[in-house]
Amino acid sequence: MSTFNSHRNRVHSAHSAHSVHSDSDMEIDLAKVICVTNRSLFQSQADFLQRLEKIAAKGPRAVVLREKDMEPADYEVLAKEVMAVCRRHDVPCILHQFSETAQKLQSDGLHLPLPLLRRLRAEGRALEVPELGTSCHSVQDVREAMKLGCTYVFAGHIYATSCKPGLTPRGLTFLREAVRASSVPVYAIGGLTPARLPEVLAAGAAGGCAMSSLMTGSLWFSGS
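Right, let's walk through the structure included here. (Residues numbered from 1 in each chain as written. Predicted model: local features only at pLDDT ≥ 70, side-chain atom pairs only at ≥ 80, totals over all residues. Heavy atoms only, no water.)

1. Quick look at the overall build of the protein
Here is the rule: What counts as a helix is a DSSP run of H or I of at least four residues, what counts as a strand is a run of E of at least two, and both are numbered from the N terminus. The buried label goes to any residue with under 20% of its type's maximum accessible area, the exposed label to any with over 50%, and the partly exposed label to all in between, with areas taken from a 1.4 Å probe on protein chains only. Contacts are residue-level and defined by heavy atoms, with any inter-residue pair within 4.5 Å sufficient. The Shrake-Rupley method, run with a 1.4 Å probe sphere, supplies the accessible areas, and residue values consider only the shown protein chains as cover.
Across its full length, the protein carries 9 helices and 8 strands. The buried share of the protein, reckoned over its 224 residues, is 50%. Here the analysis covers contacts within the protein between residues at least 6 apart in sequence; of these, 59% occur between residues at least 24 apart. For the protein, the accessible area works out to roughly 10,300 Å², and carbon and sulfur atoms hold 49% of it.

2. Brief notes about the pattern of salt bridges
Condition: Salt bridge criterion: a side-chain nitrogen from Lys or Arg within 4 Å of a carboxyl oxygen from Asp or Glu.
Throughout the structure, instances matching the rule amount to 8 salt bridges. A salt bridge links aspartate 69 to arginine 39, with the shortest nitrogen-to-oxygen separation between them at 2.8 Å. Of this pair, aspartate 69 sits in the loop between strand S2 (62-65) and helix H3 (72-88) while arginine 39 sits in the loop between strand S1 (33-36) and helix H2 (45-57), and the two are 30 residues apart along the sequence. On the basis of relative accessible area, arginine 39 is assigned to the partly exposed category, the value being 23%. One salt bridge in this structure joins glutamate 123 and arginine 119, with 3.1 Å as the shortest N-O distance.

3. As for the sheet that holds strand S3 (residues 93-96)
Note the cut-off: Each pair of strands is called paired provided DSSP finds at least two bridges between the two strands. Fitting a line to C-alpha atoms yields each axis, with helices limited to the stretch in contact; the angle taken between N-to-C directions then spans 0 to 180 degrees.
Judged by pairing direction, the barrel is parallel, and its 8 strands sit side by side in the order S1-S2-S3-S4-S5-S6-S7-S8 before closing back on the first. Recorded for the sheet is a direction-independent mean angle of 25 degrees between the axes of neighbouring strands.

4. Some thoughts on the packing of aromatic side chains
For clarity, the cut-off: Note on ring pairs: Phe, Tyr and Trp rings are taken, using the six-membered ring of Trp, and paired if centres are within 6.5 Å. Classes follow the plane angle, with under 30 degrees stacked, over 60 edge-to-face and the rest tilted. The criterion for a charge sitting over a ring is simple: Lys NZ or Arg CZ within 6 Å of the ring centre, and within 35 degrees of the ring normal.
In the structure shown here, the tally under the stated rule is 5 aromatic pairs. Summarising the aromatic geometry, the rings of phenylalanine 154 and tyrosine 187 are spaced 6.4 Å apart at their centres and angled 75 degrees between planes, so their arrangement reads as edge-to-face. Note that phenylalanine 154 is positioned in strand S6 (residues 152-156) and tyrosine 187 in strand S7 (residues 186-189), a separation of 33 residues in sequence. A residue is classified by how much of its surface remains accessible, and tyrosine 187, at 1% relative accessible area, is buried. An aromatic cluster of three or more residues is present, and its members are Tyr152, Phe154 and Tyr187. A cation over a ring is seen here: lysine 54 above phenylalanine 221, with NZ or CZ 4.6 Å from the ring centre. For arginine 196, the ring lying beneath its charged end belongs to tyrosine 159, and the centroid distance is 4.3 Å.

5. Overview of the side chain of aspartate 29
What counts is decided by this rule: In this count, Lys and Arg are taken as positive residues and Asp and Glu as negative ones, while His and the chain termini are left out. In protein, a polar contact means a hydrogen-donor-capable atom and an acceptor-capable atom, both N or O and within 3.5 Å, with residues adjacent in sequence counting only if both atoms are side-chain atoms; elsewhere, any N or O pair within 3.5 Å suffices.
Within the secondary structure layout, aspartate 29 lies in the loop between helix H1 (2-14) and S1. An unpaired buried charge is present at aspartate 29: no salt bridge exists, and lysine 32, the closest side chain of opposite charge, is 8.0 Å distant. A distance of 2.9 Å separates the side chain of aspartate 29 from the backbone nitrogen of alanine 31, its partner in a polar contact.

So this is what it looks like as structure tokens:
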């Protein structure tokens, strides 16, 4: 994964004095955390972009612009702004769902729901992006993702999360199975916190993803 790996090497030197701590006096290193966006958590787009600027300044592994409810033209406008924020902080920006926009804007990558990725491949669509990812909910999904050309996968949901109320989390056992089945980096998603990040890394994941807990509040900014 050239995009993620080169970023990891850059941020490692910038954050080498820091690591994940539960101590509120220590800064949390986001170099193994992918930010998944949710603009609906904000009253305005300006507030959303301001928060994203703060997150990007912390050097996350990447930002995934996951705004599935938008029209393609509106998404493209927002993507340009988010990509500019990410570029200022040397953070990879992965676009979500809108494959034509990702290729037009030459984003750092594209994340597709597995059914959509499956359909686009069946149609023979070219997906010319540096990184291609999908979300997996079973070991079978992981194996299919690799056959479809993914360079990384999200595996989840690992912990209970407000994003999937009432659904039983798949847990660390599933994460370990996904890692064993995968030849590409696996990122845990669902209910991730700074305290849980070491657990998912110990399970073999390349890192984890955070949405609501990173987009709002101060959980990941205890060093601020």
